[in-house]
There are 2 protein chains.
Amino acid sequence: MANITDHLFTPDGWTIIKDKYDQSQAITEGTNFMVGNGYLGYRGTFAEDTKKEYVGCIVSDTWDKADGKWEELCTVPNALHTTINIDQEPFTVSNNTFFERSLDLKNALSKSTVKKVMSNKNITVKQEKFASYDDLHIVAMQYQIISDEDTKVMIQTGIDDDVWSINGHHFSKEEKLIDQEYIGMKLTTKSYKDEIVVLKKNDIACKSVKQDDLYNYYECELIKDIPFTFHTYMIVVTSNDFKDPLSKAEEIYHSIKDYHSIKQKHMKKWEQVWNKLNVNIEGNLVDQVGLRFNIYHAVIATPLHKSLPIGARGLSCQAYQGSAFWDQEIFNTPMYLYSWPNVAKNILIYRYNTLKGAKEKAKKHGYEGAFYAWISGKTGEELCPDFFFKDVITKRDIRNHFNLWQIHISPDIAYTIHQYYEVTKDEDFLLQYGIEMTFEIARFLASRVNYKPMKDQYELNQVQGPDEYHENIDNNAFTNYQAYFTFKWALEYLEKTSDKIIAIKQKINLTHSEIKLWKDIKEKLYLPKPNDEGIIEQFDGYFNLESIVPASKVTKRLIDPEEYYGWPNGITVYTQCLKQADTVQLFHLYPHLFDQDIVQKNFDYYEPRTLHFSSLSPSIHSIVASHIGYIEQAYKYFKKSLMIDLLNTNEAVSGGTFIGGIHTAANGASWQMVVKGFAGLTYEENHIELDPHLPHAWEGLSFNIYVRGEQVSIDIRREAIYLKKTDNNNEIQVVIHNKKYILKDQLIIKEEKND
Amino acid sequence: MANITDHLFTPDGWTIIKDKYDQSQAITEGTNFMVGNGYLGYRGTFAEDTKKEYVGCIVSDTWDKADGKWEELCTVPNALHTTINIDQEPFTVSNNTFFERSLDLKNALSKSTVKKVMSNKNITVKQEKFASYDDLHIVAMQYQIISDEDTKVMIQTGIDDDVWSINGHHFSKEEKLIDQEYIGMKLTTKSYKDEIVVLKKNDIACKSVKQDDLYNYYECELIKDIPFTFHTYMIVVTSNDFKDPLSKAEEIYHSIKDYHSIKQKHMKKWEQVWNKLNVNIEGNLVDQVGLRFNIYHAVIATPLHKSLPIGARGLSCQAYQGSAFWDQEIFNTPMYLYSWPNVAKNILIYRYNTLKGAKEKAKKHGYEGAFYAWISGKTGEELCPDFFFKDVITKRDIRNHFNLWQIHISPDIAYTIHQYYEVTKDEDFLLQYGIEMTFEIARFLASRVNYKPMKDQYELNQVQGPDEYHENIDNNAFTNYQAYFTFKWALEYLEKTSDKIIAIKQKINLTHSEIKLWKDIKEKLYLPKPNDEGIIEQFDGYFNLESIVPASKVTKRLIDPEEYYGWPNGITVYTQCLKQADTVQLFHLYPHLFDQDIVQKNFDYYEPRTLHFSSLSPSIHSIVASHIGYIEQAYKYFKKSLMIDLLNTNEAVSGGTFIGGIHTAANGASWQMVVKGFAGLTYEENHIELDPHLPHAWEGLSFNIYVRGEQVSIDIRREAIYLKKTDNNNEIQVVIHNKKYILKDQLIIKEEKND
């Protein structure tokens, strides 16, 4: 048993156990112990919990704008709401004599065991819950009661329709279905008139005594020390899934036979997931479980059933609106790309499906091509409002320009398309989706650049890079390089000899003069180069800003602990203090673009200037630190990133905006820190490259990747690196610590002692 | 006698009399009743006043940076400091039985008469002061005492070296000259090591009883009812004027014979000034004196002795640093241009002399050519610091981008050069100064524009127009049109067949490809056109901002009455509320560019959205209102602008910065409101154009203008317009109310009844 914190343990690297109940942790634990399946997320609350404990079942593809500002996913009525009474006393988790809750990562089960004294009897309540990965519309719960004396128990179970919703009530119509064999609700959303059906199925072998509104009441006789078990199921279907969601929900209702068989199917699916995504860390159970915890959350946030976004808080709550940010491509996609490429493809097809929204956004702002939304939901239209932060001192709204100036989202997508293609060589995808998107992104960038005639140079002015504390800047190195590569790839794709290229050009009306312009921009786009000290300036004029090292000293300038640090006059605006990796991010995306010496100098320069006030920051620092051999720093940042959710290190509210919930990007990045960071995996120009450096805390590291149709097992030990290929159809070139090898079926590379 | 306010009168339209003493008005009256001569300004304080009454003698060309932020002109020790004692009781203005102070505008004399009871005697003290317009280094004071009983009076007169200075102490060395026949000081400034000599000469026919440090003491016998008069002089010379300022000051010291003769010479010079600049308003003494008051202040703020800037607060105090803003060209130069062209030329030569500073500023920010300073002092280097306003709520500094984004100053200078040339046809000036400046300004603009390749259009992004409450905007109509005309004129000048053009091109290394670029920019620079409603959008996106009409309603949103309204998050930033004329300013500069109908629609649209929180705003609204026939609105704004100083309507502190002192731009604009507004004077394409509309309050309006070497007297009456030419060498084309006439020696145009 390894301690994560005083009351958080793991016995085996697959399970997380909490042994103390703390109501103040309701937001955090509801998030960390949640279940989900990419279709819906059901928070890690207890059966008897309500709104005030932040119960929530968040359903994908149900965007609705209730308050006129934020379009967010709906939380739906809770059909698992169950309370039991013993001698009129309702069971609650508090005042327990024993408490244990756990998250079984292998099987994706959330469980709890609570013991307490109720009317002089020792009562044990065990709950178990999962969101089926086999039938995504089902959340199933098992409830078990044990008494040390014979007793009667009243069970009240039904649908709690008083939902926790952050930005308003989302249903224009709520129909109760109570005259059926089931209890249910049919809801209609305000904005898109989506229908959502929630049904409840009970499997309770006791006397049904009453049905009242949305609740059923049962009276059961408990026999001393004999566990009494019942099951209840929540079924969610929307009109976005099936034309007649009620019929479908009823069909599912009737399909549910017994808890154990659907649990078995669910677990089988998760076995398949872990076959692809499991990463073994030898020698450190906490790191092991932390990594699996993150991968688990990355998976349950990822819709597989449809091309939908991965929300920045997954399906853990409505914060960040269940919508895609650049996080999706840069932080979450790589794990899938290397281990489960179809999911990566599915993510990118979501971007293809939202091209129209991106084109409309470009048009709205006077540009052409595809200007992808900073916050992208159903249609790809921009969901990021102009004003959302509050100046907590003046109570005035702050205009944030995330939606207008943080343009790197578009080339970030082009980057990911290119990565996907490089790793998979999936020509079909490229011709059907990828090239068209890349062209439209290049077109957007061509309409966004400024040509400076006297300098004969193109620039990108008035942008915001990944570091969100500096808005309104010129020539952000990260953004300019991303734009440059977009033009480079677009021009490379144009060289492909395929009728489909001609068809795409025709479809999007791409002219010769535009292509000429792209070539010119690629030639003359200003790309900030390392200065005499080897440092790449984050943006024009950055070096002239006040240098505060370490950056954390700047926080002393706060007037109010809640105030926003950035635009327009927050404490970091005229300093070099960064919110998060920005130039360092560039080295992560292009590990071979600059000499290691330059990367190291930039890391040394920017790292102490970085506040890491974004959950996207530590992971990138970990990866880049690995690349330059700063292994213990890499490990420090790995731990920091890995534990963001488990240790609840990030704030739930910023500038007056609720930003709680799971940190999906950090979840996805955990895999990258290990595989791209410590193992040093890259895939470029047709070869796998590895440059492994195990942190001292580990004995070994093993995982599978899947490149160009072949699965490769990689096992990194102190003494050697073991590679194994499942099929041996093709040889694969491998570069390890800069030496070339050919992998046919397996390969063992002895490590030098000095590593 | 006509009332200006309850205690402010004019008997004749040439004199302003105040009959009540009010110490709280020390800042305002010290400004309004000041004397000056373009070399120095001496505030309208009393002989016995000190620092706490804001005594100040501000000397041109003595810039110094004391506090590391603001470079400002020096205030020098006060060599007129004089107190009298009767029976140990010092005379002060307070507790008087009679008070009258006056400003004689015709003769540029500031006077006061104070009666009070001192040790049971009725004492009258009369002071008179002028800053010689004949010898600019002399400020002379006459002091007269009358007692209704015989009495002794002690006179203490000397140099008060405890100066009022806004931004720190400016002298690194202060030498007292007290062992001479005179008392004096030799001061050395901190930044430029300028030497400033201040000498004092007394002409006091009484017994000298003591000299102590910088003061002389006299004991005089007053005879009942017989006035006793003495004189004292302050002499100021700096090393910027003469190599050996002390010798020069001594020379002046010895040249002073008697008060009356230097006063006569001074008055003679002012007679010549008024011969050029006087404007007669018939039928309204208050307007008449107000106009002359403004012209007086415009004149005393204008250096003639050297090409130096006209400070935005003239020489009335150190606010705005005695430095040039765009005010100088757009608000102050036109009066001189039409009435005293050499002064206009002198102003423009100042800009030529500071070309180096403008080029350095351009270079510093990555541009080429001449990027004129927003605040321009001795060298033309930028004196506007990055931070000067305070956020009064958070106490944090506010970054204002006046120095970086308010680029219209450069084309404003090109505009004025062109205006000067149009009116004077002074080819020598153009070839020696004007063209080179215009080319360098065009070059700057060419390096500042952004070419948008997809739109095939040039734009000016990230600017700030005249309306300072909207920073960081794109395509400000005013700025873009000013830039367009700069290119147009630069290209026209290039067509001149002169060797000097070739020489200029060689001197500044102007290449063929640059000229080609200018042509392209002139062709393709985006010029906002009237929309379907006829309105020109002030800048991209302005129409989408919150409309608040009338704009004054926005002030309700203030949290603190002192807070700055603009960047970064002031109350007007995301509204359409303007600080001052912006698009309307365009119609002032180019009265024939748009149809009157369009001008009217824009005036109707922008006027209610304008806060007029700049002293530059009402005058422009008055002129444009005149042009569209809104005569009574024009008159309302005329009064508002005319009375800014006399009624003290503008605040002395904004965003924590002292901005008191005379409103030099409004002073200069007063002439424009009358001559360019009500008389409708323009000079274009070789003809004088007049379109007079007298406000109801007036009977007539007459003034002289001086175009292309000929003086023309214009007398506008209700029944007719009378024009007279001094010389009758050439015929002048005149257009009046759109009809053409030829002026040979004189012309009388009968007015239609309906005017």
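Here the structure is a predicted model, which means the values were calculated and not measured. (Residues numbered from 1 in each chain as written. Chains lettered and ligands numbered in written order. Predicted model: local features only at pLDDT ≥ 70, side-chain atom pairs only at ≥ 80, totals over all residues.)

Enquirer: Got a minute to help me understand unusual backbone geometry in this structure?
Expert: With glycine set apart, most residues show a phi of negative sign, and most peptide bonds adopt trans. Cis peptide bonds are those with omega within 30 degrees of zero, and the linkage from Trp567(A) to Pro568(A) qualifies with 5°. Secondary-structure assignment places Pro568(A) in the loop between helix H13 (512-524) and helix H14 (583-589). Phi at Asp61(B) takes a positive value of approximately 60°, unusual for a residue other than glycine. A residue is classified by how many C-beta atoms lie within 10 Å of it, and Asp61(B), with 22 of them, is buried. Of note, Ser119(B) is a non-glycine position whose phi angle comes to about 40°, a positive value. Structurally, Ser119(B) can be placed in the loop between strand S12 (109-118) and strand S13 (121-131). (Helix = DSSP H or I, 4+ residues; strand = E, 2+ residues; numbered from the N terminus. Buried ≥ 20, exposed ≤ 12 C-beta atoms within 10 Å, placed from the backbone.)

Enquirer: In this structure, what is going on with the nonpolar core? I would like to understand it.
Expert: In globular proteins that are soluble, nonpolar side chains generally tend to be buried together. By size, the foremost hydrophobic cluster in this structure holds 436 residues, and its most contacted members are Val198(A), Ile235(A), Val236(A), Val198(B), Ile235(B) and Val236(B). If near-sequence neighbours (up to four positions away) are discounted, Val198(B) is found in contact with Val76(B), Pro77(B), Ala79(B), Ile159(B), Gly184(B), Met185(B), Met234(B) and Val236(B). (Core = buried A, V, L, I, M, F, W, Y, C linked by C-beta atoms within 7 Å. Contact = placed C-beta atoms within 7 Å.)

Enquirer: What am I meant to see in the packing of helix H5 (residues 326-339) of chain B against helix H18 (residues 664-678) of chain B here?
Expert: Packed helices, taken two at a time, are described by the angle between their axes plus the distance between the axes. Residue and element names in this part refer to chain B. At a minimum axis distance of 8 Å, the contact between H5 and H18 shows a crossing angle of 50°. Between H5 and H18, the interaxial angle falls into the category oblique. Handedness of the H5/H18 crossing: left-handed. Across from Asp 327, Phe 331, Asn 332, Pro 334, Met 335 and Tyr 338 in H5, the residues of H18 making contact are Thr 664, Ala 665, Gly 668, Ala 669, Trp 671, Gln 672, Val 675 and Lys 676. Taken together, the residues of the contact of H5 with H18 sort by class into eight nonpolar, four polar and two charged. (Axes fitted to C-alpha atoms, helices over the stretch in contact; angles between N-to-C directions. Parallel < 35°, antiparallel > 145°, perpendicular 65-115°, else oblique. Left-handed = near helix turned anticlockwise from the far one by under 90°. Nonpolar A, V, L, I, M, F, W, Y, C, P; charged D, E, K, R; others polar.)

Enquirer: What's the story with the sheet that holds strand S33 (residues 720-725) of chain B in this structure? I'm lost.
Expert: Remark on secondary structure: sheet strands pair via backbone hydrogen bonds, oriented parallel or antiparallel. All names here are of chain B. Ordered in space as S22-S31-S32-S33-S36, the five strands form an open sheet in which the pairing is antiparallel. With one partner strand each, in any of the chains shown, strand S22 (279-282) and strand S36 (746-750) form the two edges of the open sheet. Taking the axes of each pair of neighbouring strands and ignoring which way they run, one obtains an average angle of 15° across the sheet. In this sheet, strand S31 (residues 700-707) lies alongside S22 in antiparallel orientation, the contact comprising four bridges. Counted as the bridge partner of Asn 280 is Ser 702 from S31. (Pairing = 2+ DSSP bridges.)

Enquirer: Would you mind showing me how to read the environment of Ile504(B) here?
Expert: Residues and elements named next belong to chain B. Relative to the helices and strands, Ile 504 is located in helix H12 (residues 499-507). A C-alpha to C-alpha distance of 48 Å links Ile 504 and Glu 563, two positions 59 residues apart in sequence. With residues near it in sequence (within four places) discarded, Ile 504 still touches Ile 435, Glu 436 and Phe 439.

Enquirer: Would you take a moment to explain the interface of chain A and chain B for this structure?
Expert: For an interface, size is often stated in terms of accessible area lost upon the parts coming together. Each partner contributes residues to the interface: chain A has 22 residues there, and chain B has 22 residues. Taken together, the elements giving at least two residues each to the side of chain A that touches chain B come down to strand S24 (397-399), helix H10 (427-448) and strand S25 (450-452) of chain A. No other element matches S25(A), which puts three residues into the side of chain A that touches chain B. Classifying every residue of the side of chain A that touches chain B gives ten nonpolar, seven polar and five charged.

Enquirer: Would you mind showing me how to read the environment of Thr438(B) here?
Expert: Residue and element names in this part refer to chain B. Relative to the helices and strands, Thr 438 resides in helix H10 (residues 427-448). On the basis of neighbour counts, which here come to 29 C-beta atoms within 10 Å, the residue Thr 438 falls in the buried class. In the structure, Thr 438 is positioned 27 residues away from Pro 411 in sequence and 8.1 Å away in space, judged by C-alpha atoms. Setting aside residues up to four positions removed in sequence, Thr 438 forms contacts with Ala 414, Ile 417, Thr 486, Trp 489, Ala 490 and Tyr 493.

Enquirer: Explain the pairing of strand S3 (residues 15-18) of chain A here, please?
Expert: The side chains of a regular strand alternate between both faces of the sheet. All names here are of chain A. Of the two faces of S3, the one holding Ile 16 and Lys 18 is buried and the one holding Thr 15 and Ile 17 is not buried anywhere. The antiparallel hairpin formed by strand S2 (residues 8-10) and S3 contains four residues in its connecting segment, where Gly 13 sits at a positive phi of about 80°. Of the pairings in the sheet, the one linking S3 to strand S11 (residues 98-104) comprises four bridges and is antiparallel in character. Paired with Ile 16 across the strands is Leu 103, a residue of S11.

Enquirer: Just to check I follow, could you spell out the relation of the copies chain A and chain B for this structure?
Expert: To go from the first copy of the chain to the second, apply a rotation about an axis and then a shift along the same axis. For the pair chain A and chain B, the superposition axis carries a translation of 0.0 Å, the fit reaches an RMSD of 0.0 Å, and the rotation angle comes to 180°. Here the symmetry operator amounts to a two-fold rotation axis. Taken as a fraction of all interface residues of chain A, those also at the interface in chain B reach 100%, which identifies the copy contact as same-surface. (Least-squares fit on C-alpha atoms with pLDDT ≥ 70 in both.)

Enquirer: Please clarify how the domain arrangement of chain A should be interpreted in this entry.
Expert: All names here are of chain A. One can read the domain layout of chain A as domain 1 (2-249) and domain 2 (277-678). If you average the C-alpha positions of domain 1 and of domain 2, the two centres end up 36 Å apart. Taken together, the contacts link 37 residues of domain 1 with 37 residues of domain 2. Where the side of domain 1 that touches domain 2 is concerned, the elements lending two or more residues are strand S1 (2-5), S2, helix H1 (26-32), strand S5 (40-42) and strand S8 (71-72). Of all the elements, H1 adds the most residues to the side of domain 1 that touches domain 2, at four residues. Of the residues belonging to the side of domain 1 that touches domain 2, the class tally is 17 nonpolar, 15 polar and five charged. (Domains from an automatic or database assignment.)

Enquirer: Hey, could you run me through the pairing of strand S21 (residues 228-238) of chain A in this one?
Expert: Residues and elements named next belong to chain A. Within S21, nine of the eleven residues are buried, which leaves it mostly tucked inside the rest of the structure. Examined bridge by bridge, strand S14 (residues 138-147) and S21 share eight bridges and lie antiparallel to one another. Of the residues in S21, the one forming a bridge with Tyr 143 is Phe 230. Pairing of strand S18 (residues 195-203) with S21 involves eight bridges; the strand directions are antiparallel. Bridging from a neighbouring strand, Asn 202 pairs with Thr 232 of S21.

Enquirer: Sorry if this is basic, but what is going on with the sheet that holds strand S17 (residues 183-189) of chain B here?
Expert: All names here are of chain B. Spatially, S1-S2-S3-S11-S12-S13-S14-S21-S18-S17-S16 is the arrangement adopted by the eleven strands of the open sheet, whose pairing is antiparallel. In this open sheet, the two edge strands, each paired with only one partner strand, are strand S1 (2-5) and strand S16 (171-177). Pairs of neighbouring strands in the sheet enclose a mean axial angle of 20°, with direction left out of account. Pairing of S13 with strand S14 (residues 138-147), which is carried by nine bridges, proceeds in the antiparallel orientation. In the strand pairing of S14, Gln 127 is matched with Tyr 143.

Enquirer: Quick question: what am I supposed to make of helix H13 (residues 512-524) of chain B here?
Expert: Structural remark: α-helix, 3.6 residues per turn; residues separated by three or four positions point the same way. Residue and element names in this part refer to chain B. Its 13 residues give H13 an end-to-end C-alpha distance of 18 Å, which sits within 8% of 18 Å, the value for a rise of 1.5 Å per residue. Among all positions of H13, only Glu 514, Leu 517, Trp 518 and Ile 521 are buried. Viewed end-on, H13 has its buried residues packed into an arc of 105°, placing them on one side of the element. Every exposed residue of H13 that faces more than 90 degrees away from the buried side is listed here: His 512, Ser 513, Lys 516 and Glu 523. For H13, the secondary structure elements touched by its buried residues are H10, strand S26 (457-459) and helix H11 (477-494). (Expected span 1.5 Å × (residues − 1). Arc of directions from axis to C-beta.)

Enquirer: Could you clarify how one ought to interpret the environment of His693(B) in this entry?
Expert: Residue and element names in this part refer to chain B. Turning to its location among the elements, His 693 is positioned in the loop between strand S30 (687-690) and S31. By C-beta crowding, His 693 is classed as buried, having 20 other C-beta atoms within 10 Å. His 693 sits 97 residues away from Gln 596 along the chain, and the two C-alpha atoms are 15 Å apart.

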